[in-house]
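Descriptive analysis of the structure
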Amino acid sequence: MKLHPQMLSQMRNGDGFIAALDQSGGSTPKALHTYGIEDSEYATNEEMFRLVHEMRVRLITAPPFSGDKVLGAILFEKTMDGQASGRSVPSYLWEERGIVPFVKVDQGLEEERHSVQLLKPIPDLESLLARATKKGVFGTKMRSVIANSDNTGIAMLVRQQFDLGRQILSQGLVPIIEPEVLVTSPTKAHAESVLLEEVLRGLDHLPSEAQVIIKVSIPTHADTYLPLVEHPKVIRVVALSGGYDRAEACERLSHNRGMIASFLRALTEDLRVGMSDVEFNKRLAGSVDEIYAASVYKALNTV
């Protein structure tokens, strides 16, 4: 598998975090509401996606959003296909901002069984991967969910993630394997210990040259995922904010060696559509700096 060497080096060795900008159909209205755009301001999905694209473009073209602190950005498919400052978004991110582009490939979740929600089928995955490769995307992301500790369910979920991961690797892209344990789970700590063993098993069955990124919830017990940080097939272990606000997410992250942030809500929680560019950039810079500080601290203290 031949990967873009500069992108790989940045993701493996760079100081900073990944920005998750991949809200899709179900979560887009909430993202717009938080940004200050109400449901009454759009009537169709097309109008909704136009507004969220404008929000994302404002974010990624803002001066604080640059590769010296933001290592990568996960894009919604429509964002990948869109433009920023007259260029394709992936091209703009890498060539103008020095930020590694990823794309979300999942199509949502199945109903819960065995305390997990598997990924729905992704019928057009091959064509999406081909388009992503042509646009200069480095990797992909797919999120599935663990509600409670259930050995059968967690094994089933991880197996699906790695099966898709192998398909993505075969196309020369790096998969972000994302088995999210809900932070509200009453069995979160136990689920995380089961998850760790299943992910290690999945890594062991990958080809020797394979490289993946693992994205997980910030664990209940610090350094639970340190074996993944140290694994030779893992480029980076990144943490989702899981619904915590930025301050709490950064505090919890700071107790885990080697993990960096991959935040969505925690990155954008202070941004509003009605802000002047000066105020918008000031708020974004504060958010970027706070998440960067937490991520760099942990990156410098890996063992």
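Refer to the structure presented above.
For the structure given in this document, a descriptive report is provided here. On a predicted model such as this, the values are computed, not experimentally measured, just so you know. (Residues numbered from 1 in each chain as written. Predicted model: local features only at pLDDT ≥ 70, side-chain atom pairs only at ≥ 80, totals over all residues. Heavy atoms only, no water.)

The full count for this structure, using the stated rule, is 21 salt bridges. A salt bridge links R143 to E180; the nearest nitrogen and oxygen atoms lie 2.5 Å apart. With R143 in strand β7 (residues 139–146) and E180 in strand β8 (residues 174–181), this residue pair connects regions lying 37 residues apart in the sequence. Residue class for R143 comes out partly exposed when judged on its relative accessible area of 29%. Take E180: its relative accessible area is 8%, and that puts it in the buried class. For K188, the salt bridge goes to E192, with nearest N and O atoms at 2.6 Å. With K188 and E192 both in helix α8 (residues 188–204) and four residues apart, the pair spans about one turn of that helix. Relative accessible area serves as the criterion here: at 6%, K188 is assigned to the buried category. (Salt bridge = Lys/Arg side-chain N within 4 Å of Asp/Glu carboxyl O. Helix = DSSP H or I, 4+ residues; strand = E, 2+ residues; numbered from the N terminus. Buried < 20%, exposed > 50% of the residue type's maximum accessible area, 1.4 Å probe, protein only.)

This part is about helix α5 (residues 89–97). For α5, the complete set of buried residues consists of V89, P90, S91, Y92, L93 and R97. Of the surrounding elements, those touching the buried residues of α5 are α3 (45–60), β2 (70–75), α4 (77–81), β3 (83–84), β4 (87–88) and β5 (100–104). (Contact = heavy atoms within 4.5 Å.)

Here the focus is the environment of F65. Along the chain, the position of F65 falls in the loop between α3 and β2. Residue F65 is classed as buried on the basis of its relative accessible area of 0%. Distance from F65 to V288, taken between C-alpha atoms, is 7.5 Å for residues 223 residues apart in sequence.

The subject of this paragraph is the pairing of strand β1 (residues 17–21). Across the five residues of β1, five count as buried, placing the element largely inside the fold. Residues F17, A19 and L21 of β1 are buried on one face, and the alternating residues I18 and A20, pointing to the opposite face, are buried as well. Bridge count between β1 and β2: five bridges; the pairing is parallel. Counted as the bridge partner of A19 is A73 from β2. For β1 and strand β11 (residues 259–263), the ladder comprises two bridges, and the chain directions are parallel. Note on β11: the bridge partner recorded for I18 is S262. (Pairing = 2+ DSSP bridges.)

The next thing to look at is the pairing of strand β9 (residues 212–217). In regular strands, side chains alternate between the two faces of the sheet. Along β9, six of the six residues are buried, which leaves the element largely enclosed by surrounding structure. Across two bridges, β8 lies against β9 in parallel orientation. Looking at β9, one finds that I176 is bridged to I213. Handedness of the β-α-β unit built from β8, α8 and β9 comes out right-handed. Relative to strand β10 (residues 234–240), β9 runs parallel, the two sharing six bridges. Across the sheet, the residue bridging to V212 is V234, located in β10. (Right-handed = clockwise from strand over helix to strand, strands pointing away.)

Grouped together as the largest cluster of nonpolar side chains are 85 residues, with contacts concentrated most on F65, L195, L228, F263, L267 and L284. Counting 18 residues, the second-largest nonpolar core is a separate cluster that includes L8, I18, I74 and I235. (Core = buried A, V, L, I, M, F, W, Y, C linked by side-chain atoms within 4.5 Å.)

Here we come to the packing of aromatic side chains. Inspection of the entire model under this criterion finds two aromatic pairs. Look at F49 and F76: their rings are 5.5 Å apart centre to centre, the planes differ by 25°, and that puts the pair in the stacked class. Residue F49 is found in helix α3, and its partner F76 is found in the loop between β2 and α4; the two are separated by 27 residues along the sequence. One exposure class covers both F49 and F76, and it is buried. Considering the side-chain rings of F102 and F138, the 5.8 Å spacing of their centres and the 90° angle between planes classify their relative orientation as edge-to-face. Of the two residues, F102 sits in strand β5 while F138 sits in the loop between α6 (125–134) and β7, which places them 36 residues apart along the sequence. Across the pair, exposure class does not vary: F102 and F138 are buried alike. Over the ring of Y292 we find K69, and its NZ or CZ is 5.4 Å from the ring centre. Sitting above the plane of the F49 ring, K78 keeps its charged end 5.3 Å from the centroid. (Phe/Tyr/Trp six-rings, centres within 6.5 Å; stacked < 30°, edge-to-face > 60°. Lys NZ or Arg CZ within 6 Å of the ring centre and 35° of its normal.)

In short, shape yes, function no, at least from these values alone.
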